[in-house]
Amino acid sequence: MENNKNNLTPHEEFHQNFVPEVHKIGITTMVLALILSVLPTVYFVFIKGIEVPLSAFLAVVAAIASFAIGMWLSEPAAFWPVLGSAGTYFAFLAGNASSMRLPVALTARSSLDESNDMEHPKVHIAMIIALFASVVVNLAILLTIVLIGDGLIAILPDSVLAAFGFVMPCLLANNIIMRSKDKDGHIVPGFIKLLPYLISGLAAQWLVKNVFTSLSSYGTLIAVVLSIAVAYVIYQQDLAKQQAGK
Amino acid sequence: MGAVRNLNGEMWMFASLLIIVVVLQAVWFLRLALKYNKKYNYFSKEDVGHLLKLGATSVIGPAFSVVVVAISLIALVGSGLTFMRVGVIGAASYEMMIATIASETIGVQFGTPEFTESVLVLCGFGMAFASIPYFISTPIELVLFDKASRQVGKDKNKPSFMPYLGNAAMMGLMGSFALSYLSKPINWVAFITAGAVVIGIVKYTAKSGKKGLMDWCITIAMLCGMAVAQVVSMMMA
């Protein structure tokens, strides 16, 4: 036995040791990515001398910022409660948060006893291992596609290409069921517990799209926040019930 | 397409550097996970193999769904810039939109003689700029959230709010996605087919105890959902 180091509870281990290491990795790689993203522009403009008027840069910045600023601020916040910090770092460097990282992370933890405990290192480790494989395979496929590109599109019939348009509804079904199921394979009780949150998310997005349209780029965050507010009410009720039970 | 041809080689060089960072992050996180796994023996070698297989197979469908848009993006801005952008954060459709915004801002169309090297550099800048703020907002927000969740979890006499928070956030996201992805009736066909397949696999695995099938769950569900929805839509047409 290694002195009192091993006496940490999983939660203490998570907050004291695991999380700081996750942020060390996350921050370092995000800063590297930032520098390397700016580099091509710096190189082409200042070293190669390709002239681009400053006004054009500013116009592009303004055009993109005006619609993307809501996403920049709200998306990491919306994914964190679900993916945890390591998973969110994956999602916002390797990308494809909702189509690849989310389904993989959910399925990875769905069979664990601790699947609901986001402060347990085990849950994060399962997600990281599966996400690692998803990143590597995605890049390999992408590289192949980019290299053989047009040839592949020419071979595949239109009907096959059109079928890829149905990827997201399929993933949605997978995600909802994975989140509802317990480790013994029961689905309905979990689903009923989750239903209020699903409905509040749907309602929030509908309101943002149809009534409060000026908030449209914050739709995802508003959906998450509303669901969390509903969860807080349910949590308080459960606490009261528990206290009454004592 | 002269501009694209001229700069494509250099774009590939920058693309490779950025992709290396993506791989570096994945490997570094994996090393951390394996280190803790060794310390606490959470997962056997076999379990780790299952998790790897799950991650690897699940992305095949979504990765190919990017193909169509990625190819059109290559036609516009070249393979180097496409790989750089789609491999980092970018969903191909998002990058396509950004590239279009960038070129339209200065009033130039793709594929015309006016699409010079300057315009291509501007497009590349716009696509990078659309993701750069994530590299700043993500670490700041995550550090703050982890600090906050540690405070919340300190009171040991009360059950934690964190599991509620996780469930609510997840389902809030799903509900908000459902609004756009389930707006077309044909998408319900895909949704219900895939859902039925997942339920079938979950029930079968629970009964038989064979975990292996679970690794392929997303892939099988997706293939079935896509195939059935496509056949139905062709029959209706």
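No experiment lies behind these values; they were computed from the predicted model shown. As a convention, each chain's residues are numbered from 1 in the sequence order in which they are written. Both sets of labels track the order of writing: A upward for chains, 1 upward for ligands. Side-chain atom pairs in this predicted model are given and counted only at pLDDT of 80 or more, local residue features only at pLDDT of at least 70, and totals for whole chains, interfaces and linings cover all residues. Each side-chain value is derived from all of the structure's non-hydrogen atoms; neither hydrogens nor water enter the calculation.

A. Expanded view of the packing of helix 1 (residues 2-40) of chain B against helix 7 (residues 117-152) of chain B. Residues and elements named next belong to chain B. Axis lines are fitted through C-alpha atoms, for helices just across the contact stretch, and the angle between N-to-C directions can take any value from 0 to 180 degrees. Secondary structure elements are defined from DSSP: runs of H or I of at least 4 residues count as helices, runs of E of at least 2 residues count as strands, and each element is numbered from the N terminus. Running from N to C, helix 1 and helix 7 cross one another at 45 degrees; their axes reach a closest spacing of 9 Å. Regarding the angle of helix 1 to helix 7, the classification is oblique. In the packing of helix 1 onto helix 7, the handedness of the crossing is right-handed. Residues A3, V4, N6, L7 and M11 of helix 1 form the contact with helix 7, whose own contacting residues are E117, L120 and V121. When describing relative orientation, an angle under 35 degrees is termed roughly parallel and one over 145 degrees roughly antiparallel, while 65 to 115 degrees is termed roughly perpendicular and anything else oblique. Handedness of a crossing follows from how the near helix is turned relative to the far one, being left-handed for an anticlockwise turn of less than a right angle and right-handed for a clockwise one. We call two residues in contact when some of their heavy atoms are within 4.5 Å.

B. Structural detail: the packing of aromatic side chains. Ring pairs shown here join Phe, Tyr and Trp side chains whose ring centres sit within 6.5 Å, with only the six-membered ring taken for Trp; geometry is labelled stacked below 30 degrees between planes, edge-to-face above 60, and tilted in between. Enumeration according to the criterion identifies 20 aromatic pairs over all chains in this entry. A ring pair is formed by A:F92 and B:Y134, whose centres lie 5.1 Å apart and whose planes are at 35 degrees; its orientation type is tilted. Here B:Y134 lies in helix 7 and A:F92 lies in the loop between helix 2 (54-91) and helix 3 (97-110), a pairing that spans two chains. Partly exposed residues are those whose accessible area sits between 20% and 50% of the maximum for their type, while under 20% is buried and over 50% is exposed, using a 1.4 Å probe and protein chains only. By relative accessible area, A:F92 is classed as buried at 3%. A centroid spacing of 5.1 Å and a plane angle of 65 degrees characterise the contact between A:Y235 and B:Y164, whose relative ring orientation is edge-to-face. In this pair, A:Y235 sits in helix 8 (residues 219-245) while B:Y164 sits in helix 8 (residues 162-181), so the two residues belong to two different chains. Through successive ring pairs, a cluster of aromatic residues spans A:F57, A:W72, B:F125 and B:F129. Both a distance and an angle decide whether a charge sits over a ring: NZ of Lys or CZ of Arg must be within 6 Å of the ring centre and within 35 degrees of the ring normal. Of note, A:K122 hangs over the ring of B:F43, and the distance from its end group to the ring centre comes to 5.6 Å.

C. Highlighting the domain arrangement of chain A. Residues and elements named next belong to chain A. All domain edges in this entry derive from an automatic or database-based domain assignment. Per the domain assignment, the segments making up chain A are domain 1 (3-186) and domain 2 (187-246). Computed from C-alpha coordinates alone, the two centres of domain 1 and domain 2 are separated by 24 Å. Listed by partner, the interface residues are 14 residues for domain 1 and twelve residues for domain 2. Carbon and sulfur atoms make up 75% of the area that domain 1 and domain 2 hide from each other, which totals about 1000 Å². Buried surface area refers to the total accessible area, computed with a probe of radius 1.4 Å, that the two partners give up upon joining, counted for both partners together.

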